Amino acid sequence: MSADPLSRRSLLQASAVAAAALPTVGDAVAAPASRLPSVKGAAVMMPVELTVNGREVHLQLDPRTSLLDALREHLHLTGTKKGCDHGQCGACTVIVEGRRINSCLTLAVMHDGDAITTIEGLGTPDRLHPMQRAFIVHDGYQCGYCTPGQICSAVAVLDEIGAGIPSHATADLDRVAFSDAEVRERMSGNICRCAAYPNIVDAIRDVAGQKDGEKAV
Amino acid sequence: MRPFTYTRAASVEEAARAAATQGARFIAGGTNLLDLMKLQIETPTHLIDVNHLGLDRIEKTDEGGLRIGALVRNTDLAADKAVRRDYAVLSRALLAGASGQLRNKATTAGNLLQRTRCPYFYDTRMPCNKRKPGSGCGAIKGVSRSLAILGTSEACIAQHPSDMAVALRLLDAGVETVGADGGRRTIPIADFHQLPGDTPHIEHALKPGELITAVTLPKPIGGTHVYRKVRDRASYAFALVSVAAVFGPDGKGRFAFGGIGAKPWRVAEADAAAAKGAAAVAEAALNGAKPTAQNAFKRDLTARTLASIYRQKEG
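Student: I keep staring at the interface of chain B and chain A and nothing clicks. Help me out?
Tutor: You'll often see interface size given as the accessible area lost when the parts meet. Each partner contributes residues to the interface: chain B has 40 residues there, and chain A has 41 residues. Surface buried jointly by chain B and chain A totals about 3400 Å² across both partners, of which 55% is contributed by carbon and sulfur atoms. Counting across the chain B and chain A interface gives three salt bridges. For the pair chain B and chain A, the number of links is 21 residue pairs in polar contact (both at pLDDT 80 or more). Those elements that provide at least two residues to the side of chain B that touches chain A are strand S1 (5-8), helix H2 (33-38), strand S3 (46-49), helix H3 (74-79), helix H5 (88-95) and helix H6 (100-105) of chain B. If you tally residues by element for the side of chain B that touches chain A, the top one is H6 of chain B, at five residues. Among the residues forming the side of chain B that touches chain A, the class breakdown is 17 nonpolar, twelve polar and eleven charged.

See the structure below:
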């Protein structure tokens, strides 16, 4: 896949021109243009090669482009969401080289050569990933905005427990096992403003195959 | 975010040399630096990516301790078998910090260098001597509930945010570096973080271009390891107060504190008071505290956290 003909930079420049051309009716209109990034010393575009959901893609990116913006604005994989853009909400969670990270807090150029899995790569409406199915069955969302991040995070959480990686909720650092308390602690980097948390825990417990929990029907 | 150029360093020496130029910064995990760059609190003109320098191993030292590569991710350090067994306080401190996503990215060296979460440092409309030297401190007479009560100055009351660094302070870690001239040295963790004084923008002992290559731990000290963090939420929040402690079988103990100091806080007098109990340790640790009206509660909270740890140890 080639890079977008309209880059992020030219888009910013275009909107700066548009903002400047607007009649000034007060500070509220004038202010956004003055806050746009400086276009002095224009950034050198850099080649970035990623394997996204099993597909190799080649991009030319401003080094400032976050992995999140590369996925959404350049590859049009808009399943990954931009919430806070500061690593606080987890809506942008993707799996890079097998590990979940906040895609908003890393630069795409830092991931040249990396393999990335987004919500689109976990499953499709026709072939749902078990975690996607469990979120539907257990109603693990309301508005759905945080859901792709929740699901990517949840898939990685079960891998982390399986790999014996301890958490703050682990009583004995050498005995890592699934529990609701482990899920709540490990999912704390994914905020849900609709507060679907109890149902999210149900969905993850279901996929983990815990017998003492409520099972999918 | 301001424009910058980006390169991947091919060697430690090359990275240190390149970083000595004005406006250059290392980037590793990026979880703190990129956040600050988005807010234009940090405005580097050149980023040197050090992620591919092979500094991601944990190995035994000749002295029987551990050498932790600068790029070892927080997740991997906390989960490392030798760390879990011999330095459990470090595992516990790491696991008490940030979120799973952030720990997967954040590095050992980056965690040591993370910057304060003082709200006045983050708000570019506010005065802040750390962000803009000479502009004043908005926090001292402002909203200061989360801020430091020890090691502060007239210029700055920002708290050090790290959990990991508190455990490293307790364990007498060393910080190994390579300078821009290629010279290598080890900085004791006690000398690594600087008190604000009248230069709160200077936070550590690193020289321009100096790159952290590893953190070393002395041989294991045994004992019972505890890290207790008190915060506003049960998870994913910075400490109001945290206490790292190791208790020996002989009534001896050592203590380091987070959330209350301008740097990871440890005083010899608190360690010396270990056998006398929690109240004596608290009194020694809090000697010289200068709280504001809003964060004076941290004195009591520190004492109570220590009392809780002692009860847990004896229970």
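Student: Sorry if this is basic, but what is going on with the pairing of strand S8 (residues 211-217) of chain B here?
Tutor: It is a general feature of regular strands that their side chains alternate between the two faces of the sheet. Residue and element names in this part refer to chain B. Counting buried positions along S8 yields seven of seven residues, so the element is predominantly enclosed. Where strand S5 (residues 66-69) and S8 come together, four bridges link them in antiparallel fashion. Bridging from a neighbouring strand, glycine 69 pairs with alanine 214 of S8. Where strand S6 (residues 174-178) and S8 come together, five bridges link them in antiparallel fashion. When the sheet's bridge partners are listed, glycine 174 is paired in S8 with threonine 216.

Student: I tried to follow the sheet that holds strand S4 (residues 99-102) of chain A on my own but got confused; where do I start?
Tutor: What links the strands of a sheet is backbone hydrogen bonding, and the strands pair in either a parallel or an antiparallel sense. Residues and elements named next belong to chain A. Here we have five strands laid out as an open sheet, ordered S2-S1-S5-S3-S4, and mixed in their pairing. Whereas interior strands pair on both sides, the edge strands pair on one side only; in this sheet they are strand S2 (55-61) and S4. The average angle at which neighbouring strand axes cross in this sheet is 40°, direction not considered. Where strand S1 (residues 46-52) meets strand S5 (residues 115-117), two bridges bridge the pair, whose relative direction is parallel. Of the residues in S5, the one forming a bridge with valine 52 is isoleucine 116. Against the sheet, helix H3 (residues 67-74) touches S1, S2, strand S3 (93-96), S4 and S5, its axis set at about 105° to S2. Across the sheet, helix H6 (residues 147-162) lies against S3 and S4, angled at about 45° from S3, the strand it touches most.

The rules behind these values
- Residues numbered from 1 in each chain as written.
- Chains lettered and ligands numbered in written order.
- Predicted model: local features only at pLDDT ≥ 70, side-chain atom pairs only at ≥ 80, totals over all residues.
- Heavy atoms only, no water.
- Contact = heavy atoms within 4.5 Å.
- Buried area = accessible area lost by both parts, 1.4 Å probe.
- Salt bridge = Lys/Arg side-chain N within 4 Å of Asp/Glu carboxyl O.
- Polar contact = N/O pair within 3.5 Å; in protein donor to acceptor, adjacent residues only side chain to side chain.
- Helix = DSSP H or I, 4+ residues; strand = E, 2+ residues; numbered from the N terminus.
- Nonpolar A, V, L, I, M, F, W, Y, C, P; charged D, E, K, R; others polar.
- Buried < 20%, exposed > 50% of the residue type's maximum accessible area, 1.4 Å probe, protein only.
- Pairing = 2+ DSSP bridges.
- Axes fitted to C-alpha atoms, helices over the stretch in contact; angles between N-to-C directions.

Structural measurements only, silent on function.
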